[in-house]
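Now for the letters of each chain:
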Amino acid sequence: MENRPTILKLLQKVFVIYGITTLILNIFTLIFGDAAKEMSTIFRFGNGALGVKTAMQFLLAVFILVLIETLFTTDIFIKKMKNPMRICLVFVSIFVVISLFIVIFGWIPTNMALPWIMFIICFAISSAVSTIITAYSEKQENKKLDEALKRFKGEENGKSN
């Protein structure tokens, strides 16, 4: 079964991820905004608001990340590559893109070690969680497909007798 991405599927994924990201950013803004407004452009308005520039930066980042994920996890451009290598390239590419956005847009101070360490820890945790969830959902989907195949083969055997 070929699962080719369409523009609508890509946009759906972008806006779902963007919605979740924006929700999390708003929660962080409410909690940490005033304390972090001098350190990060994300919290420029303290806990009062999330800036339009920041929101658009995150939308652009999410769009780029969805494109990266789509390019590496489908056979659009990369025809023969094992899944573990594809997944590694996705995570490395995402890390590079987010790091570039951090530097370009001043999301965290580039001259302080602690924010970078916290970013790396958060990235590692979220990567691990997403990998576990994806592996679990694929396992469940494969289990359902195996059961459907067994039922189908059972029906085929019943008809041929």
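See the structure printed just above.
Reading guide: rules and limits
- In this convention, every chain numbers its residues from 1, walking through the sequence in written order.
- Given that the model is predicted, a residue must reach a pLDDT of at least 70 before its local features are reported, and side-chain atom pairs must reach 80 or more before they are shown or counted; all residues, however, enter totals for whole chains, interfaces and linings.
- Here the side-chain values reflect all heavy atoms present in the structure, with hydrogen atoms and water set aside.
- The secondary structure listing takes helices from DSSP runs of H or I that are at least 4 residues long and strands from runs of E that are at least 2 residues long, numbered from the N terminus.
- Each radius of gyration reported is based on C-alpha atoms, and the globular scaling rule is 2.2 Å times the count of residues to the power 0.38.
- Only protein chains enter the accessibility calculation, which uses a 1.4 Å probe; a residue whose area is less than 20% of its type maximum is buried, one above 50% is exposed, and one in between is partly exposed.
- By this rule the span expected of a helix is its residue count minus one, scaled by 1.5 Å.
- Only heavy atoms matter for contacts: two residues are in contact if any of them lie within 4.5 Å across the pair.
- Side-chain rings of Phe, Tyr and Trp (the six-membered ring for Trp) are treated as a pair once their centres are within 6.5 Å; stacked means planes under 30 degrees apart, edge-to-face means over 60, and tilted covers the remaining angles.
- Note on geometry: axes are lines fitted to C-alpha atoms, helical ones only across the stretch in contact, with angles between N-to-C directions running from 0 to 180 degrees.
- Relative orientations are named as follows: roughly parallel for angles under 35 degrees, roughly antiparallel for angles over 145 degrees, roughly perpendicular for angles from 65 to 115 degrees, and oblique for any other angle.
- Should the near helix be turned anticlockwise from the far one by less than a right angle, the crossing is left-handed, and should it be turned clockwise, the crossing is right-handed.
- In this classification, Asp, Glu, Lys and Arg are treated as charged, Ala, Val, Leu, Ile, Met, Phe, Trp, Tyr, Cys and Pro as nonpolar, and every other residue, Gly included, as polar.

**Student:** Mind laying out the overall build of the chain, listing which residues take part and the relevant values?
**Tutor:** On a plain count of helices and strands, the chain comes out with four helices and zero strands. Shown N-terminal to C-terminal, the secondary structure of the chain runs as helices and strands in the order α-α-α-α. In summary, the chain has a C-alpha radius of gyration of 21 Å against a globular reference of 15 Å for 161 residues, an excess of more than 25%. Dimensions of the chain along its principal axes, counting C-alpha atoms only, are 75 × 30 × 30 Å. For the chain, with 161 residues in total, the buried portion stands at 27%.

**Student:** So what's going on with helix H2 (residues 52–73)? Residues and values would help.
**Tutor:** Here H2 contains 22 residues, and its C-alpha end-to-end distance of 31 Å stays within 8% of the 32 Å for a straight helix at 1.5 Å per residue. The set of residues buried in H2 consists of Thr54, Ala55, Gln57, Phe58, Ala61, Val62, Leu65, Val66, Ile68, Thr70 and Phe72. Buried positions along H2 lie against helix H1 (7–36) and helix H3 (83–105).

**Student:** Would you mind going over the packing of aromatic side chains in detail, with residue names and values included?
**Tutor:** Inspection of every chain in the model, using the stated rule, returns nine aromatic pairs. Plain terms: the ring middles of Phe101 and Trp107 are 5.6 Å apart, the flat faces sit at 45° to each other, and that makes the pair tilted. Overall, Phe101 belongs to the buried group, its relative accessible area being 7%. Note on Phe105 and Trp107: the rings are 6.3 Å apart at their centroids and 25° apart in plane angle, and the pair reads as stacked. Residue Phe105 is classed as partly exposed on the basis of its relative accessible area, which comes to 26%. Owing to a relative accessible area of 6%, Trp107 belongs among the buried residues under this scheme. Ring pairs connect the aromatic residues Phe58, Phe101, Phe105 and Trp107, which therefore count as one cluster.

**Student:** Go over the packing of H2 against H3 with me, naming the residues and quoting the values.
**Tutor:** Relative to each other, H2 and H3 sit at 160°, their axes nearing to 9 Å. Relative to H3, the element H2 is oriented roughly antiparallel. Pair H2 / H3 crosses with right-handed handedness. Residues Gln57, Leu60, Ala61, Ile64, Leu65, Ile68, Glu69, Phe72 and Thr73 of H2 touch H3, and the partners they reach there are Arg86, Leu89, Val90, Ser93, Ile94, Val97, Ile98, Phe101 and Phe105. When its residues are assigned to classes, the contact of H2 with H3 shows 13 nonpolar, three polar and two charged.

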